[in-house]
Amino acid sequence: MSEASVERRLWSLFEPVHAVTYFAPEGGAAFEAAGLRGYWRRYFAGRAAPLGAVGAGPVIAAFFGFAPGMVTRALPDIWTRITPQAALDARRDGARAALEPLLDGVPVDEVADLLEGAARAVDRPGRVLGAANADLPWPDEALDRLWHAATILREHRGDGHVAALLTAGVDGCESLVWRCGRDGVRESMQPARGWTDEEWEAAAGRLRERGWLAADGSTTIVGEEAYAEVEAVTDRLAGRPWRELGAAATERCATLLEPIAARILPLLPDNNPIPLRPQGQAAR
């Protein structure tokens, strides 16, 4: 396997910090304490809250890979159950409660400073979710700053990934079918993003017409080349924070994040749809 780019390596290390929001039991408990039950309700509430009390349209656009039908079942209904500010508070409280025991004894002040420096350097135009999170007030505590910086950076990278997919002429469902043609995780990915069998097969047909998928659903050589280009564009679009931070500080940040990610990764299920694997190697 080729060596990961700087941007990909850093993503694999800061993404676990953010991901406790979705997978740690403390995250769910914080939303339940705020009066919101159900995994997908809290997912959409927490992730969309920086945008305010929006309807389904902006979330369909920004989240990209989710089926519109799944989004419209969640929004705008969730805002009748929780306010955006309460959702922001719940996701912060849940993340802190999850990270505190996991990182007990791990000094986080320096890495929080470095990751904050990178997050403050994100370019905002065209980065809907990255910019919305970057616009939120910075917390004071180092653990909260670490999580907030990781959140800004992962949404900033995700915004760039969406731009790369759109440039390649790929829609939300096609992006997932394409990825599953490479790593074979349809059984977890399709239900996690809400696409019907009919929608999935239609997307697969469009990819076969482009020559990107074979008849058995696997990615063709042409499809692999196109996929590699999308990932390369995603990396390039995620590069500004690390260029601004500088090579030495970026390497130091990665070094400090490695033991933190190692503590968090075992918490994540093997079939998580990010997808993030215990070895830190994944598609985005």
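Here we summarise the structure given alongside this text.

Conventions adopted
Residues numbered from 1 in each chain as written. Predicted model: local features only at pLDDT ≥ 70, side-chain atom pairs only at ≥ 80, totals over all residues. Heavy atoms only, no water. Phe/Tyr/Trp six-rings, centres within 6.5 Å; stacked < 30°, edge-to-face > 60°. Helix = DSSP H or I, 4+ residues; strand = E, 2+ residues; numbered from the N terminus. Buried < 20%, exposed > 50% of the residue type's maximum accessible area, 1.4 Å probe, protein only. Lys NZ or Arg CZ within 6 Å of the ring centre and 35° of its normal. Core = buried A, V, L, I, M, F, W, Y, C linked by side-chain atoms within 4.5 Å. Contact = heavy atoms within 4.5 Å. Expected span 1.5 Å × (residues − 1). Arc of directions from axis to C-beta.

Some remarks on the packing of aromatic side chains
How two aromatic rings sit relative to each other is set out by the distance from centre to centre and by the angle between their planes.
Here's step 1: Summed over the entire model, instances satisfying the criterion amount to 15 aromatic pairs.
Here's step 2: Judged by centre distance (5.5 Å) and plane angle (40°), the rings of Tyr43 and Phe66 are tilted. Of this pair, Tyr43 sits in helix α3 (residues 39-48) while Phe66 sits in the loop between α4 (56-63) and α5 (68-74), placing them 23 residues apart in sequence.
Here's step 3: Relative accessible area serves as the criterion here: at 8%, Tyr43 is assigned to the buried category.
Here's step 4: By way of ring pairs, the aromatic residues Tyr22, Phe23, Tyr39, Trp40, Tyr43, Phe44, Phe63 and Phe66 are connected into one cluster.
Here's step 5: One residue, Arg47, lies across the ring of Phe63, its end atom 4.2 Å from the ring centre.
Here's step 6: Stacked on the ring of Trp212, the Lys or Arg Arg210 has its end atom at 3.8 Å from the ring centre.

A word on the nonpolar core
A general trend in soluble globular proteins is that nonpolar side chains are found buried together.
Here's step 1: With 97 residues, the main nonpolar core has Phe44, Leu115 and Leu146 as its most contacted residues.
Here's step 2: With eleven residues, the single largest contributor to this core is helix α9 (residues 142-167).
Here's step 3: In this structure, Leu115 is in contact with Phe14, Leu146, Ala149, Ala150, Leu153, Trp242, Cys253 and Leu257, ignoring residues within four places of it in sequence.

So, helix α6 (residues 84-102)
Here's step 1: Taking 1.5 Å per residue, 19 residues should reach 27 Å; α6 reaches 27 Å between its end C-alpha atoms and fits that length.
Here's step 2: Where α6 is concerned, the buried positions are Pro84, Ala87, Leu88, Ala90, Arg91, Gly94, Ala95, Ala98 and Leu99. Angularly, the buried residues of α6 cover 165° about the axis, an arc narrow enough to put them on a single face.
Here's step 3: Each element contacted by the buried residues of α6 is listed here: α1 (6-23), α2 (25-33), α3, α8 (128-134), α9 and α15 (247-264).

In short, the description is geometric, and any link to function would need to be established separately.
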